[in-house]
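Breakdown of the fold
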Amino acid sequence: MKSTIFLIALLTVAALPLTGQAGTYVSLTGDFYFEYPSEWMQVDNRVVDAHLLANQAGKSTLEYEAAFSPVSSVPFFSGAYFIMTVDTTGGAFTQAEIDSTLRDMSQKFGTDIRYFPVADLLADMKSNSPSYDAQTKTITVVSDITERGEVIKKLLLAVRFHDKGLATFYFYAPVAAFGEALPIFNGVLASFHAGDAEQMLPKETLKVADIETGAPAEAGKRRPYMFWGGGVVIVLIVAMVLRRRRRQNR
């Protein structure tokens, strides 16, 4: 395990000159873009893959398009970081589908959906209690990530409905650092812009997702990601509800 972490650290340092330029990420697959802090970087997929192998990623995987963390975090998962996925297979959700999805989630979680802006998460965070921002069409859920019965991280899962489908953000941070990381996570969500993605392409600092595969251009293909601990339950519930709702309405 120590040798694996050392390998990840070496790869992270090696990747810094290539990924140190931060700013705006563009997804041509989803036709959207968002901003991340200047002191953050897009993590090289080789580094993320090494982390996945160390955690024996298998059946409980999700494909990701890009991962981000502070430049100073070595390895990248030692502090706050986030992973973003894109799903355009079913196209845009209608308002009726979104409303029905929220009702299903309320039943699955056994609690009413709370309706308020994403920014209010900074003042009102309740684990395992879904919230919905009607203005931005964003579902958010906070949960604990456990390992051997101990809470080691917090997960803020954010699902953004847009014209092409779904963009899902998995924001992670150690328990002690979660409150400090929340404004950063919120800033990423607040900067999300759907449409006009191609207009952002001329900027040399952009990280661009390949329109054929949905993967970052330097990656060449999508990669799997594993979620461990209690947070996987939240992820599976949300994914199950979204898939079932789409099957029923398409």
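Up top is the structure.
Everything numeric here is computed off the predicted structure, so don't read it as measured data.

**Digging into the environment of lysine 154**
Its place among the elements puts lysine 154 in strand β10 (residues 150-162). Sequence separation between lysine 154 and valine 142 is 12 residues, and the spatial gap between their C-alpha atoms is 7.1 Å. In this structure the side chain of lysine 154 is engaged in a polar contact, spanning 2.7 Å, whose partner is the side chain of aspartate 144.

**Examining the side chain of threonine 138**
Here threonine 138 is to be found in strand β9 (residues 138-147). Reaching out from threonine 138, the side chain makes a polar contact with the side chain of threonine 136 at a distance of 3.0 Å.

**Details of the nonpolar core**
Among the nonpolar cores identified, the biggest contains 25 residues, and Phe34, Phe68, Phe82, Phe169, Phe171 and Phe185 are the most heavily contacted of them. Only β2 (32-35), β5 (66-70), β6 (81-87), β10, β11 (165-174) and α4 (178-190) provide two or more residues apiece to this core. Looking at this core, the element that brings in the most residues is α4, giving 6 residues. Once you skip the residues sitting within four places of it in the chain, phenylalanine 82 turns out to touch Phe34, Tyr36, Trp40, Ala66, Ala67, Phe68, Phe169, Tyr170, Phe171 and Val188. Core analysis: the second largest hydrophobic core is formed by 14 residues, Val47, Leu157, Tyr170 and Tyr172 among them.

**Quick notes on the pattern of salt bridges**
A full pass over the atoms with the stated rule returns 3 salt bridges. A salt bridge links aspartate 31 to lysine 164, with the shortest nitrogen-to-oxygen separation between them at 3.9 Å. Taken together, the residues aspartate 31 in the loop between β1 (24-27) and β2 and lysine 164 in the loop between β10 and β11 connect sequence positions 133 residues apart. Among the residues examined, aspartate 31 registers a relative accessible area of 22% and is labelled partly exposed. According to the relative accessible area criterion, lysine 164 is partly exposed, its value standing at 38%. For the salt bridge of aspartate 144 with lysine 154, the shortest nitrogen-to-oxygen distance reads 2.7 Å.

**So, unusual backbone geometry**
Valine 74 connects to proline 75 through a cis peptide bond whose omega is -5 degrees. Even without glycine at this site, lysine 137 takes up a positive phi of about 55 degrees. Within the fold, lysine 137 resides in the loop between β8 (131-133) and β9.

**A short note on the sheet that holds β10**
Pairing in this open sheet of 8 strands is mixed, and the strands run β3-β5-β6-β11-β10-β9-β8-β7 from one edge to the other. Strands at the two margins of the open sheet, each flanked by one partner only, are β3 (40-42) and β7 (114-115). Across 10 bridges, the pairing between β10 and β11 is antiparallel. Opposite arginine 160, over in β11, you have alanine 167 as the bridge partner. Where α4 meets the sheet, it contacts β3, β6, β9, β10 and β11, and its direction lies at approximately 160 degrees from that of β11.

**Some words on the pairing of β1**
Taking every second residue as pointing to the same face, both faces of β1 are buried, with Thr24 and Val26 on one and Tyr25 and Ser27 on the other. The pairing of β1 with β2 spans 4 bridges and is classified as antiparallel. Across the sheet, tyrosine 25 pairs through a bridge with phenylalanine 34, a residue of β2. Between the antiparallel neighbours β1 and β2 lie 4 residues, among them aspartate 31 with a positive phi of about 55 degrees.

About the cut-offs
- Residues numbered from 1 in each chain as written.
- Predicted model: local features only at pLDDT ≥ 70, side-chain atom pairs only at ≥ 80, totals over all residues.
- Heavy atoms only, no water.
- Helix = DSSP H or I, 4+ residues; strand = E, 2+ residues; numbered from the N terminus.
- Polar contact = N/O pair within 3.5 Å; in protein donor to acceptor, adjacent residues only side chain to side chain.
- Core = buried A, V, L, I, M, F, W, Y, C linked by side-chain atoms within 4.5 Å.
- Buried < 20%, exposed > 50% of the residue type's maximum accessible area, 1.4 Å probe, protein only.
- Contact = heavy atoms within 4.5 Å.
- Salt bridge = Lys/Arg side-chain N within 4 Å of Asp/Glu carboxyl O.
- Pairing = 2+ DSSP bridges.
- Axes fitted to C-alpha atoms, helices over the stretch in contact; angles between N-to-C directions.

Honestly, that's just the spatial picture; any functional story needs more than this.
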